[in-house]
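Chain by chain, the residues:
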Amino acid sequence: VQLQASGGGLVQAGGSLRLSCAASGRFVRIYDMRWYRRAPGEQRDLVTGITSGGSTNYGDSVKGRFTISRDDAKSTVYLQMDSLEPEDTAVYFCNLDVLERIMYYRAYWGEGTQVTVSS
């Protein structure tokens, strides 16, 4: 299973970006999907997650500004980021719980995508 993340870049404060993370390869289905981020000099933190049933959760710092969604037909998770702030500057990582075959789950990480918000 491979994860391909895209959509990062440089944006001014108040702007928007949309990240995507697509899974490819052989697997049965994808369960929970998450986005993490690692700011310079910081540890990697959970930003948001979405279950296979569509339930979502968000970190306090992004509530009301970020929206996670998924398209299971495309095996893709999205992160719509609005009202971006310089504090959102970080490398963003997707994390997916993948059922590779019956009774065999594994968590996969995408390569990071850089998001830089200028003030």
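Here, every reference points to the structure presented above.
Since this is a predicted model, take the numbers as computed values, not measurements. (Residues numbered from 1 in each chain as written. Predicted model: local features only at pLDDT ≥ 70, side-chain atom pairs only at ≥ 80, totals over all residues. Heavy atoms only, no water.)

Visitor: Residue-level account of the sheet that holds strand S1 (residues 2-6), with values.
Guide: Read across the open sheet, the 4 strands follow the order S1-S3-S8-S7; overall the sheet is antiparallel. Of all the strands in the sheet, the pair left with one neighbour each is S1 and strand S7 (66-71). Shown here is a sheet whose adjacent strand axes are inclined to one another by a mean of 15°, direction ignored. Relative to strand S8 (residues 76-81), S7 runs antiparallel, the two sharing 6 bridges. Looking across to S8, one finds that Phe66 is bridged to Met81. (Pairing = 2+ DSSP bridges. Helix = DSSP H or I, 4+ residues; strand = E, 2+ residues; numbered from the N terminus. Axes fitted to C-alpha atoms, helices over the stretch in contact; angles between N-to-C directions.)

Visitor: I'd like to hear about unusual backbone geometry, residue by residue, with values.
Guide: Here the phi dihedral of Ser75 falls at roughly 50°; this positive angle occurs in a residue that is not glycine. Relative to the assigned elements, Ser75 resides in the loop between S7 and S8. Overall, the relative accessible area of 14% leaves Ser75 in the buried class. (Buried < 20%, exposed > 50% of the residue type's maximum accessible area, 1.4 Å probe, protein only.)

Visitor: Please give an account of the pairing of strand S5 (residues 44-50) that cites residues and values.
Guide: Sheet topology note: the strand S4 (residues 29-38)/S5 ladder contains 6 bridges and is antiparallel. Following the sheet pairing, Arg37 is matched in S5 by Asp45. Two elements, S5 and strand S6 (residues 56-58), share 3 bridges in a ladder whose sense is antiparallel. Counted as the bridge partner of Thr48 is Tyr58 from S6. Hairpin connection of S5 to S6: 5 residues between the antiparallel strands, including Gly54 at a positive phi of 95°.

Visitor: How would you explain the nonpolar core if you had to name every residue and give the values?
Guide: The tendency in soluble globular proteins is for nonpolar side chains to be buried side by side. Of all hydrophobic cores here, the largest spans 26 residues; its most connected members are Trp35, Phe66, Val77, Met81, Tyr92 and Leu96. Elements with a minimum of two residues in this core: strand S3 (17-24), S4, S5, S7, S8, strand S9 (90-101) and strand S11 (113-118). Sort the elements by how many residues they give to this core and S9 lands first, with 5 residues. Discounting chain neighbours no more than four positions away, the residues touching Leu96 are Leu3, Cys21, Ala23, Ile30, Asp32, Met33, Val77, Arg106, Ala107 and Tyr108. (Core = buried A, V, L, I, M, F, W, Y, C linked by side-chain atoms within 4.5 Å. Contact = heavy atoms within 4.5 Å.)

Visitor: Give me the lowdown on the environment of Gly112, citing residues and values where you can.
Guide: Inspection of the secondary structure puts Gly112 in the loop between strand S10 (104-109) and S11. Spatially, the C-alpha atom of Gly112 lies 9.1 Å from that of Gly8, the residues being 104 residues apart in sequence. Contact partners of Gly112, with chain neighbours within four places excluded, come to Val91, Tyr92 and Phe93.

Visitor: Lay out the packing of aromatic side chains in plain terms, naming residues and giving numbers.
Guide: Scanning the entire structure with this criterion turns up 2 aromatic pairs. Aromatic side chains Tyr31 and Tyr105 sit 5.5 Å apart centroid to centroid with 55° between the ring planes, which places their arrangement in the tilted category. Linking Tyr31 in strand S4 with Tyr105 in strand S10, this pair joins segments that are 74 residues apart in sequence. On the numbers, 4.8 Å between centres and 55° between planes, the contact of Tyr36 with Trp109 is tilted. Of this pair, Tyr36 sits in strand S4 while Trp109 sits in strand S10, and the two are 73 residues apart along the sequence. Judged by its relative accessible area of 39%, Trp109 is partly exposed. Seen from the ring of Tyr31, Arg29 lies directly overhead, with NZ or CZ sitting 4.3 Å from the centre. Here Arg44 stacks its cationic end above the ring of Trp109, 3.9 Å away from the centre of that ring. (Phe/Tyr/Trp six-rings, centres within 6.5 Å; stacked < 30°, edge-to-face > 60°. Lys NZ or Arg CZ within 6 Å of the ring centre and 35° of its normal.)

In short, geometric facts, not functional conclusions.
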